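# Remarks on the overall topology
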Amino acid sequence: IPFLYTEAFGAGRIAPADLAMQKRGLRNLFFHLGLLAGRPEIPAPPRRLHGVGNTDDGVAAACDGFWMPIVGLLDSVAAGAALGRIVDPLGNTVQRVHSPAAGVVALLRELPPVSAGDTLVLLAHETP
């Protein structure tokens, strides 16, 4: 059974711009497969990121708690920059999370509850 899987910002929400992008991608796929007449609309990427993409190599939680990020998706960060913190149920900080290297936030966990070992942030590098 054919299926289509997409990646977007997530956390159970969709922004209008993301919906438009996904609709364009689906139409482009139909054009490419010959299911619709027309040519794909291929916008220039606003940014080019590269990296391994292995979420197991991302910045991980060292403990259980609630993740409170202070960076956003696609933010540029310096090595050692604060990314956020993990708090306990009373709001006490139990882990401060810092960037191990300079890069661009390519993956950002949006759901607050975390367990030790969960990936919080994955960095990529921008191609000029």
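Residues numbered from 1 in each chain as written. Predicted model: local features only at pLDDT ≥ 70, side-chain atom pairs only at ≥ 80, totals over all residues. Heavy atoms only, no water.

## Overview of the overall build of the protein
The number of helices and strands found in the protein is one helix and nine strands. Sequence-ordered secondary structure for the protein, helices as α and strands as β, is α-β-β-β-β-β-β-β-β-β. Taken against the 2.2 N^0.38 rule, which gives 14 Å for 128 residues, the C-alpha radius of gyration of the protein at 18 Å runs more than 25% over that of a compact globule. Judged by the C-alpha coordinates and their principal axes, the protein covers about 55 × 35 × 25 Å. When the 128 residues of the protein are sorted by exposure, 23% land in the buried category. Sequence separation of 24 or more characterises 51% of the internal contacts of the protein that already satisfy a separation of 6 or more. On the protein, roughly 8,800 Å² of surface is accessible, and the fraction owed to carbon and sulfur atoms is 60%. Separation of charge centres in the protein, based on 10 positive and 11 negative side chains, amounts to 10 Å. (Helix = DSSP H or I, 4+ residues; strand = E, 2+ residues; numbered from the N terminus. Rg over C-alpha atoms; globule rule 2.2 N^0.38 Å. Buried < 20%, exposed > 50% of the residue type's maximum accessible area, 1.4 Å probe, protein only. Contact = heavy atoms within 4.5 Å. Areas by Shrake-Rupley, 256 points an atom, 1.4 Å probe, with all protein chains shown as cover. Lys, Arg positive; Asp, Glu negative; His and termini not counted. Charge placed at Lys NZ, Arg CZ, Asp CG, Glu CD.)

## Considerations on the pattern of salt bridges
Counted according to the given criterion, the structure contains two salt bridges. Here Glu126 ties to Arg47 by a salt bridge, and the two come within 2.9 Å at their closest N and O atoms. Of the two residues, Glu126 is situated in strand S9 (residues 119-126) and Arg47 in the loop between helix H1 (16-33) and strand S1 (49-50); the sequence distance between them amounts to 79 residues. Across the salt bridge formed by Asp118 and Arg109, the nearest N and O atoms sit 3.9 Å from each other. (Salt bridge = Lys/Arg side-chain N within 4 Å of Asp/Glu carboxyl O.)

## Overview of the pairing of strand S6 (residues 93-98)
Strand direction decides the pairing type here: strand S5 (residues 82-87) and S6, joined by five bridges, are antiparallel. Bridged to Gly84 within S6 is Val97. In this structure, the hairpin formed by S5 and S6 is closed by a connection of five residues, where Gly91 is found at a positive phi of approximately 90°. (Pairing = 2+ DSSP bridges.)

## Things to note about a nonpolar patch on the surface
A grouping of Leu4, Leu26, Leu29, Phe30, Leu33, Leu35 and Leu36 is seen on the molecular surface, where their side chains present a nonpolar patch of about 610 Å² in accessible area. Structurally, Leu29 can be placed in helix H1. (Patch = residues over 30% accessible without salt bridge, like charges linked within 9 Å, V, L, I, M, F, W, Y side chains within 5 Å.)

## Observations concerning the environment of Val59
Mapped onto the elements, Val59 comes out in strand S2 (residues 59-60). We classify Val59 as buried; its relative accessible area is 12%. Sequence separation between Val59 and Gly34 is 25 residues, and the spatial gap between their C-alpha atoms is 42 Å. With residues near it in sequence (within four places) discarded, Val59 still touches Leu83, Val97, His98, Pro100, Asp118, Thr119, Leu120 and Val121.

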